[in-house]
Amino acid sequence: MIEVPHFIFLRHKPIMVILFLLLVIIILLLFTILYTHIWIPFRIQLHFNHQRIKGPAYRPIIKNSAGIRRRMIAEVESSRTTSFNHNEVVKRVMPHYYNWSKVYGDTFLYWFGSKPRLAVSDPDVIKEILVTKSGSFGKIRSDPGVNALFGEGLVSLDGEKWIVHRRIAAQAYNMERIKEWVPVIVNSTQNMMKKWDANIEATNKSDFEFDVHKELHQHSADIISRTAFGSNYSEGKRIFELQEQLVMLVLQTMRNVYIPGFRFIPTKRNMTIWKLEKEITEVITKLIEKNKNTKEISNTLLAALVSTSKKDDMLGLKEIVDECKTFYFAGKETTANLLTWAFLLLGLHQEWQDKAREEVDRVCGKNASPCADNLADLKIIKMILNETLRLYPPAAMMMRRASENVKLAGRLDVPAGTQIFMAMTAVHHDVRIWGEDASVFNPMRFLEPRNHLASFFPFGLGPRVCVGQNLALVEAKITLAMIVGHYSIAVSPSYVHAPMQSLSMQPQYGAQMIFSRRG
Ligand code: HEM
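Under an unreviewed UniProt entry, the chain has the name Cytochrome P450 and belongs to Tagetes erecta. Under Cofactor (unreviewed entry), UniProt gives the following word-for-word description of the chain: "heme". Within the UniProt record for the chain, the comment given under Subcellular location (unreviewed entry) is "Membrane".

Following this line, the structure appears as structure tokens:
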């Protein structure tokens, strides 16, 4: 027998140990990957299959549903629709739901990377998720790219922190406070109309054509700047510009499956996100420093954030900055899009424009502006806004994540960790709920109160219902009433109807309209 000299083993021992440890790490890593990316997803798929819930099969890498969904969105966004009707909204803003629900039914399972997503559009199920069983669901933990836009503000918070932030924001946006803002909103709308009138006079024509979408974004930006921060559009302009640049990058990030750690890699996109995020933070911090001690802003959100009454509720600077980011974005984007769709719909449906104008003249007086006391009498305007929110809900869909195992509608067993995709636009267009004419613009359907809570939920439902709902509706009512009272509006022949889901639903190519002053 040959004897191995003892010193050879000793000399190689450290290398052997390292190799052994490496092997253990590789085996553990492989095991974790197999467990999280193969075993768990297949088990969940089987779990839903047993309940007769089907969907595109789980594929870890090639031809996975996240990729297919991305391609479907790219396809609709590169196709142009020609006629201005409302029956293709679901197909355009949530093509994956439209296509897969035809094959697998209204409730189906698809995959976002290795994360299971249950798509639902049954109002009973949605009501349980958002209202009666809301405690079993949380917000989806955002991709860090998305956080660059909202920070850790109300939209993404959960738990104790959410309770504190929600209490502060709800006080700043309760109906009594909003009524105090009515003259400010009227004034902001008058300024916008003065600018338009000057344009008409400058061209020596009786009408003028422009992209209403852009104008309404500035208008909404001005109002959120005033009500939330006691500043105005020009002061917050840089923040809005930077946020707009961020949206495009964030959208790409959201459509891709998030790879842990990827955000730290200095790719071109990540570096642009970091730069934009840094500048937004700096500009907001300066604005807070400048405005926080001003007396005139005592009723703003910013004032409420910096001077919380209870010691436990005191917020740090980062928390305040993050909340400002959230409100700058959430307060502008959605309301501007609601108003854009409302004007396009009134341009298309002249008979409703006449009805609205007649109501404004009757309630407010010809050439007069609405005030806090007569807003509730603008019933036709309210019905028009509701019908707009039904057909073109700015927040086209909503997401949640089951934080524990939960049973829905007595039949659907949802395991903890499942993400839920609530297809709001599909519910709003469902012929079983709204009748065969579901895709027809008919504000009359809002004459009577709706019969099912979750058949119409443009502002969400339950404890997390939109905190800015009062502001959005008052702002939309005033703006619509004043503009319809002052101008006749029509859709320009150059308008291309292409609803698109960015972070909220908007017209992909803008909203070209023709305005002429009423005699
Ligand atoms: C037409 C306009 C608007 C629509 C359609 C809309 C829609 C929504 C929806 C659907 C939610 C619920 C999201 C969820 O539960 O996942 C929400 C939440 C929220 N909205 Fe709005 N919103 C609008 C205007 C506004 C305005 C003007 C503000 C700010 C002043 C605002 C601030 C927020 C915030 C901070 C939340 C998060 C609330 C929480 O989680 O507690 N929204 N909004």
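(A) Representation of the overall build of the chain. Counting its secondary structure elements, the chain contains 19 helices and twelve strands. In terms of C-alpha radius of gyration, the chain reaches 26 Å, essentially the compact-globule figure of 24 Å for 519 residues. The principal-axis extent of the C-alpha atoms belonging to the chain is close to 115 × 55 × 45 Å. Sequence separation of 24 or more characterises 76% of the internal contacts of the chain that already satisfy a separation of 6 or more.

(B) Spatial organisation of the sheet that holds strand 8 (residues 419–422). Judged by pairing direction, the sheet is mixed, and its five strands sit side by side in the order 1-2-8-5-3 without closing on themselves. Strands with a single pairing partner mark the edges of an open sheet, and in this sheet they are strand 1 (108–112) and strand 3 (137–138). Alignment of strand 2 (residues 115–120) against strand 8, held across four bridges, turns out to be parallel. Within strand 8, the residue paired with Leu118 across the bridge is Ile420. Across the sheet, helix 4 (residues 95–104) touches strand 1, strand 2 and strand 8, and the angle it forms with strand 1 is around 135 degrees.

(C) Structural detail: the site of the ligand. Residues in contact with the ligand amount to 26 residues; listed here are only the nearest, Trp162, Arg166, Arg400, Arg464 and Cys466. Taking Lys139, its side chain carries an N or O atom lying 3.2 Å from an oxygen atom of the ligand. Between the ligand and Arg464 there is a distance of 2.9 Å, counted from an oxygen atom to a side-chain nitrogen or oxygen. Of all the secondary-structure elements, those providing two or more residues to the shell around the ligand are helix 7 (159–172), helix 14 (317–348), strand 5 (398–402) and helix 19 (469–486). Of the residues forming the shell around the ligand, the biggest block, six residues, is contributed by helix 14. For the shell around the ligand, the residue count by class is 17 nonpolar, five polar and four charged.

(D) Geometry of helix 15 (residues 350–364). The first and last C-alpha atoms of helix 15 sit 21 Å apart over 15 residues, in line with the 21 Å expected at 1.5 Å per residue. Trp352, Gln353, Ala356, Arg357, Glu359, Val360, Val363 and Cys364 are the residues of helix 15 that are buried. Projected onto a plane normal to the axis of helix 15, the buried residues spread over an arc of 165 degrees and lie on a single side. Summarising the contacts, the buried residues of helix 15 are in contact with helix 14, helix 16 (379–391), helix 19 and strand 9 (487–491). With its phi angle positive at about 95 degrees, Gly365 sits one or two positions after the end of helix 15.

(E) Inspection of unusual backbone geometry at higher detail. Non-glycine residue Arg52 carries a positive phi angle of around 65 degrees. With respect to the helices and strands, Arg52 occurs in the loop between helix 1 (6–50) and helix 2 (65–78). For Arg52, a relative accessible area of 75% translates into the label exposed. One non-glycine residue with positive phi stands out, namely Asn367, at about 60 degrees. For Asn367, the location among the structural elements is in the loop between helix 15 and helix 16.

(F) Quick look at empty space enclosed by the protein. Under the criterion given, the structure shown has one cavity of 30 Å³ or more. Here the largest cavity defines a volume of roughly 30 Å³. Lining of the largest cavity is provided by Phe240, Gln243, Glu244, Val247, Tyr328, Phe329, Lys332 and Glu333. Residue assignment for the lining of the largest cavity shows that the elements contributing at least two residues are helix 11 (233–255) and helix 14. The residue inventory of the lining of the largest cavity, partitioned by class, reads four nonpolar, one polar and three charged.

(G) Examining the sheet that holds strand 4 (residues 207–211) more closely. The sheet built from three strands is open, its strands ordered 4-12-9 with antiparallel pairing. Edge positions in the sheet fall to strand 4 and strand 9, since each has one partner strand and no second. Ignoring which end each strand starts from, the neighbouring axes of this sheet average 25 degrees apart. Pairing between strand 4 and strand 12 (residues 512–517): five bridges, direction antiparallel. Along strand 12, the bridge assignment pairs Asp211 with Gln512.

(H) Structural context of the state of the cysteines. A complete count under the given rule lists zero disulfides for this structure. The thiol of Cys364 is unpaired, and the distance to the nearest cysteine sulfur, on Cys371, comes to 7.2 Å. Cys371 sits in the partly exposed class, given a relative accessible area of 34%.

(I) Geometry of the packing of helix 16 against helix 19. One can describe the packing of helix 16 onto helix 19 by two numbers: an axis separation of 10 Å at closest approach and a directional angle of 115 degrees. Seen from above, helix 16 lies across helix 19 with right-handed handedness. Along its contact with helix 16, which presents Ile381, Lys382, Ile384, Leu385 and Leu389, the element helix 19 presents Leu473, Ala476, Lys477, Leu480 and Ala481.

(J) Spotlight on the coordination of the iron atom of the ligand. Donor atoms from the protein around the iron atom of the ligand number only one, Cys466 (SG), found at 2.3 Å. When you line up the elements, Cys466 lands in the loop between helix 18 (431–434) and helix 19.

(K) Here's a closer look at the confidence of the model for the chain. Mean pLDDT over the chain stands at 88; residues scoring 70 or higher make up 91%. Across the chain, the secondary-structure element scoring lowest on mean pLDDT is helix 6 (residues 144–150), at 73, and the one scoring highest is helix 17 (residues 424–428), at 98. Scored as a whole, the predicted complex attains pTM 0.90, and scored at its interfaces, ipTM 0.99.

Conventions we followed
- Residues numbered from 1 in each chain as written.
- Predicted model: local features only at pLDDT ≥ 70, side-chain atom pairs only at ≥ 80, totals over all residues.
- Heavy atoms only, no water.
- UniProt positions renumbered as here; feature names shortened; annotations may be inferred.
- Helix = DSSP H or I, 4+ residues; strand = E, 2+ residues; numbered from the N terminus.
- Rg over C-alpha atoms; globule rule 2.2 N^0.38 Å.
- Contact = heavy atoms within 4.5 Å.
- Pairing = 2+ DSSP bridges.
- Axes fitted to C-alpha atoms, helices over the stretch in contact; angles between N-to-C directions.
- Near = heavy atom within 4 Å.
- Polar contact = N/O pair within 3.5 Å; in protein donor to acceptor, adjacent residues only side chain to side chain.
- Nonpolar A, V, L, I, M, F, W, Y, C, P; charged D, E, K, R; others polar.
- Expected span 1.5 Å × (residues − 1).
- Buried < 20%, exposed > 50% of the residue type's maximum accessible area, 1.4 Å probe, protein only.
- Arc of directions from axis to C-beta.
- 1 Å grid on protein atoms, 1.4 Å probe; cavity = no way out; pocket = protein on both sides within 12 Å on 5 of 7 lines; lining within 4 Å.
- Points joined across faces, edges and corners; volume = space filled by probe spheres on them.
- Disulfide = S-S within 2.5 Å.
- Left-handed = near helix turned anticlockwise from the far one by under 90°.
- Donors = N, O, S within 2.8 Å, 3.2 Å for Na, K, Ca; no water.
- pLDDT = per-residue confidence, 0-100.

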